[in-house]
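Breakdown of the fold
Next come the chains, spelled out residue by residue.
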Amino acid sequence: MRLNKLELRNYRNYSELSLAFPNRLNIFLGENAQGKTNLLESIYVLALTRSHRTSSEQELIGWHEDFAQIKGRIERGTSELELELLLTKKGRKSKVNHIEQKKLSSYIGQLNVILFAPEDLSLVKGSPQMRRRFIDMELGQINPVYLYDLAQYQQTLKQRNLYLKQLSEKKQTDEIYLDILTEQLVDFGSKVLANRLQFIKKLEYWSNDLHSKITNQKETLAIQYDASIPLESEAVEAIRTVFMNELIKNRKREIFKGNTFLGPHRDDLIFMVNQQNVQTYGSQGQQRTTALSVKLAEIDLMKEETGEYPILLLDDVMSELDDSRQIHLLETIENKVQTFLTTTTLNHVKGKMTVHPDIFYVQQGQIERKET
């Protein structure tokens, strides 16, 4: 998979931009706050229709403008696709080959990207919400139907919490509607959980292999799915039975508190290095190596699941890694993955790769391509 061309209009600090990417390694070089991250973000948004930096689409639209537009020409196998995303104050429209896509699941997955930013080094020691978001974003690209089930689960969860609160405050007394919402929550939640469990098992396989290489065979990495309900099977029906039973057992407490305590929205990941919880007992170096292993594992996992390597977005992450981890990262991606990298200096990549890069100098929203 490759992104051959990117066009922006009214996107953040880019009023008009058109760039072609003939080579696999593309470096955006410049000082901070010049627009390097905005470029990487636009590729991410083109792929997933949302930003990793903000939940407000308004922030993506240029100052005093009514809309932002992102276009990309991508290459998948032997075919080319035109992707387009239009962002307005009223919402977003997505097109594939100029045909509007009404369903998110029919658009996401056309362009697969992996973003690695400095905050991803906090994947291990960060919040459970951060790790759930990581699962949802990566799994959603591989399996767009998962995004539909997740969206339905979240919508039902919102309705159920609202009704639980009304029951708690005695504004409602009829629990029949709660039964209906619980049934729907369990239905969608079981599918979400089954997909997550399968994904984590595959992610663990690829992550452990990389982690072992980075640590010169000194460490092993295991990833555990920390569910809020006791799970003994990956089968949807088995999960469904357990989920329903747990909600029934906790019903009185949930009504009293006015909130749903159990389900995928409360789950987490546990990373084990040499059978020790690295979140709790690992050094900062071990935590960073674990995060790096997990992020790089996605490359091979996506290739296995989709038949195509994803595009890799490295947002100023090189400066956060020591020389050893930089070399492992570059060796993993070299001659395999189209990569877009932002940096303030070329010292991190100079002499460490044999692939020929294209260098784009970024200054105040202006791009100048330099031959190397």
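Details of the structure are given in the entry above.
What you see as residue numbers is a count from 1 along each chain, following the sequence as written. Local features in a predicted model are, by the rule used here, given only for residues with pLDDT of at least 70; side-chain atom pairs are given and counted only at 80 or more, and totals for whole chains, interfaces and linings are based on all residues. To obtain the side-chain values, all non-hydrogen atoms of the structure were used and water was disregarded.

1. Overview of the overall build of the protein chain
Strands here mean DSSP runs of E at least two residues long; helices mean DSSP runs of H or I at least four residues long; both are numbered from the N terminus. Of the regular secondary structure elements, the protein chain holds nine helices and 15 strands. Both definitions apply: the radius of gyration is a C-alpha atom measure, and the globule rule equals 2.2 Å times residues to the power 0.38. Whereas a compact globule of 372 residues would reach a radius of gyration of roughly 21 Å, the protein chain reaches 22 Å, a difference of no more than 12%. For the protein chain, buried positions account for 53% of its 372 residues. A separation of at least 24 residues holds for 68% of the contacts in the protein chain among residues at least 6 apart in sequence. Summary of the burial criterion: residues with accessible area below 20% of their type's maximum are buried, those above 50% are exposed, and those between are partly exposed, where the area comes from a 1.4 Å probe applied to protein chains only. Every residue pair with non-hydrogen atoms within 4.5 Å of one another is taken to be in contact.

2. Observations regarding a nonpolar patch on the surface
Every patch collects residues that have over 30% relative accessible area and no salt bridge, joining them within 9 Å if they carry like charges and within 5 Å if they are nonpolar side chains (Val, Leu, Ile, Met, Phe, Trp, Tyr). The method behind every accessible area is Shrake-Rupley, applied with a 1.4 Å probe, and residues are considered shielded solely by the protein chains displayed. Here, a salt bridge means any side-chain nitrogen of Lys or Arg that lies within 4 Å of a carboxyl oxygen of Asp or Glu. A grouping of Ile-176, Tyr-177 and Ile-180 is seen on the molecular surface, where their side chains present a nonpolar patch of about 290 Å² in accessible area. With respect to the helices, strands and loops of the structure, Ile-176 is situated in helix H4 (residues 176-214). Here Ile-176 falls in the exposed class, since its relative accessible area comes to 55%.

3. So, empty space enclosed by the protein
The rule is simple: put a 1 Å grid over the protein atoms alone, call a set of points where a 1.4 Å probe fits but cannot get out a cavity, call an open set with protein on both sides within 12 Å along at least five of seven lines a pocket, and count a residue as lining if it has an atom within 4 Å of a point. Grid points are joined across faces, edges and corners, and a volume is the space filled by probe spheres set on the points. In total, this model carries one cavity of 30 Å³ or more according to the counting rule given. Looking at the largest cavity, its volume works out to about 50 Å³. When grouped by side-chain class, the residues that make up the lining of the largest cavity number five nonpolar, two polar and two charged. Classification convention: Asp, Glu, Lys, Arg as charged; Ala, Val, Leu, Ile, Met, Phe, Trp, Tyr, Cys, Pro as nonpolar; all other residues, Gly among them, as polar.

4. Looking at the packing of H4 against helix H5 (residues 236-249)
In this description, a line fitted to the C-alpha atoms serves as the axis of each element, helices being fitted only across the stretch in contact, and the angle between N-to-C directions of two axes falls anywhere from 0 to 180 degrees. Packing of H4 against H5 leaves a shortest axis separation of 9 Å and a crossing angle of 130°. Viewed along their axes, H4 and H5 adopt a mutual orientation that is oblique. Crossing hand, H4 versus H5: right-handed. Note on element contacts: H5 touches H4 through Val-236, Ile-239, Arg-240, Phe-243, Met-244 and Leu-247, opposite Thr-182, Glu-183, Leu-185, Val-186, Asp-187, Gly-189, Ser-190, Lys-191, Leu-193, Ala-194 and Leu-197. Oblique is the label for any angle not under 35 degrees, not over 145, and not in the 65 to 115 range, which are roughly parallel, roughly antiparallel and roughly perpendicular in turn. Working rule for handedness: look at the near helix, and if it is turned counterclockwise from the far one by less than a right angle, call the crossing left-handed; if clockwise, right-handed.

5. Focus on the nonpolar core
In terms of nonpolar packing, the biggest core is built from 65 residues, with Ile-135, Leu-203 and Leu-329 touching the most fellow members. Looking at this core element by element, the count peaks at twelve residues for H4. In this structure, Leu-329 is in contact with Phe-116, Leu-292, Leu-296, Leu-314, Val-317, Met-318 and Leu-321, ignoring residues within four places of it in sequence. For this analysis, a nonpolar core means a set of buried residues of the types Ala, Val, Leu, Ile, Met, Phe, Trp, Tyr and Cys, connected via side-chain atoms within 4.5 Å. Core analysis: the second largest hydrophobic core is formed by 40 residues, Leu-19, Ala-47, Ile-108 and Leu-115 among them.

6. Here we look at the packing of aromatic side chains
Centre-to-centre distance and the angle between the planes together describe a pair of aromatic rings. Each Phe, Tyr or Trp ring (for Trp, its six-membered ring) is paired with any other whose centre lies within 6.5 Å, and the angle between the two planes then decides the class: stacked below 30 degrees, edge-to-face above 60, tilted in between. In total, this model carries eight aromatic pairs according to the counting rule given. Where Phe-21 meets Phe-340, the ring centres are 4.8 Å apart and the plane angle is 85°; that geometry is what we call edge-to-face. In this pair, Phe-21 sits in the loop between strand E2 (14-20) and strand E3 (25-29) while Phe-340 sits in strand E13 (residues 339-343), placing the two residues 319 residues apart along the sequence. With centroids separated by 4.9 Å and ring planes inclined at 85°, the aromatic side chains of Tyr-163 and Tyr-177 adopt a geometry described as edge-to-face. Here Tyr-163, found in helix H3 (residues 144-168), pairs with Tyr-177, found in helix H4; they are 14 residues apart in sequence, far enough to count as distant. We classify Tyr-163 as buried; its relative accessible area is 7%. An aromatic cluster is built from Phe-21, Phe-28, Phe-340 and Phe-360, whose rings are joined through pairwise contacts. Sitting above the plane of the Phe-261 ring, Arg-253 keeps its charged end 4.2 Å from the centroid. Positioned over the ring face of Tyr-309 is Lys-303, at 5.4 Å from the centre of the ring. Throughout this description, the term charge over a ring refers to an Arg CZ or Lys NZ atom that lies within 6 Å of the ring centre and within 35 degrees of the ring normal.

7. Some points on the sheet that holds strand E9 (residues 221-226)
Two strands in a sheet stick together by hydrogen bonds in their backbones, pointing the same way (parallel) or opposite ways (antiparallel). Read from one edge to the other, the open sheet built from three strands follows the order E9-E10-E11, with strand pairing classed as antiparallel. Sheet topology places E9 and strand E11 (276-277) at the edges, where each strand pairs with a single neighbour. Bridging between strand E10 (residues 268-273) and E11 involves two bridges; their strand directions are antiparallel. Paired with Met-272 across the strands is Asn-277, a residue of E11. With respect to the sheet, helix H2 (residues 128-142) is in contact with E9 and E10, its orientation differing from that of E10 by roughly 95°. Here a strand pair is declared whenever DSSP counts at least two bridges between the two strands.

8. A few points about the sheet that holds E13
Across the sheet, which stays open at both edges, the six strands sit in the order E8-E12-E13-E3-E14-E15 with mixed pairing between neighbours. Of all the strands in the sheet, the pair left with one neighbour each is strand E8 (113-116) and strand E15 (366-370). Taking the axes of each pair of neighbouring strands and ignoring which way they run, one obtains an average angle of 20° across the sheet.

9. Considerations on the pairing of E9
Only one face of E9 is buried, namely the one carrying Leu-221, Ile-223 and Tyr-225, since none of Ala-222, Gln-224 and Asp-226 on the opposite face is buried. Across six bridges, E9 lies against E10 in antiparallel orientation. Each bridged residue has a counterpart across the sheet, and for Asp-226 the counterpart in E10 is Asp-268.

10. Re unusual backbone geometry
Positive phi, normally seen in glycine, also occurs at Asn-97, with a value near 50°. Note that Asn-97 resides in the loop between strand E6 (91-96) and strand E7 (99-100). Unusually for a residue other than glycine, Asn-216 sits at a positive phi of about 55°. Its location among the elements puts Asn-216 in the loop between H4 and E9. Its relative accessible area of 56% is what places Asn-216 among the exposed residues.

These figures capture arrangement, not role.
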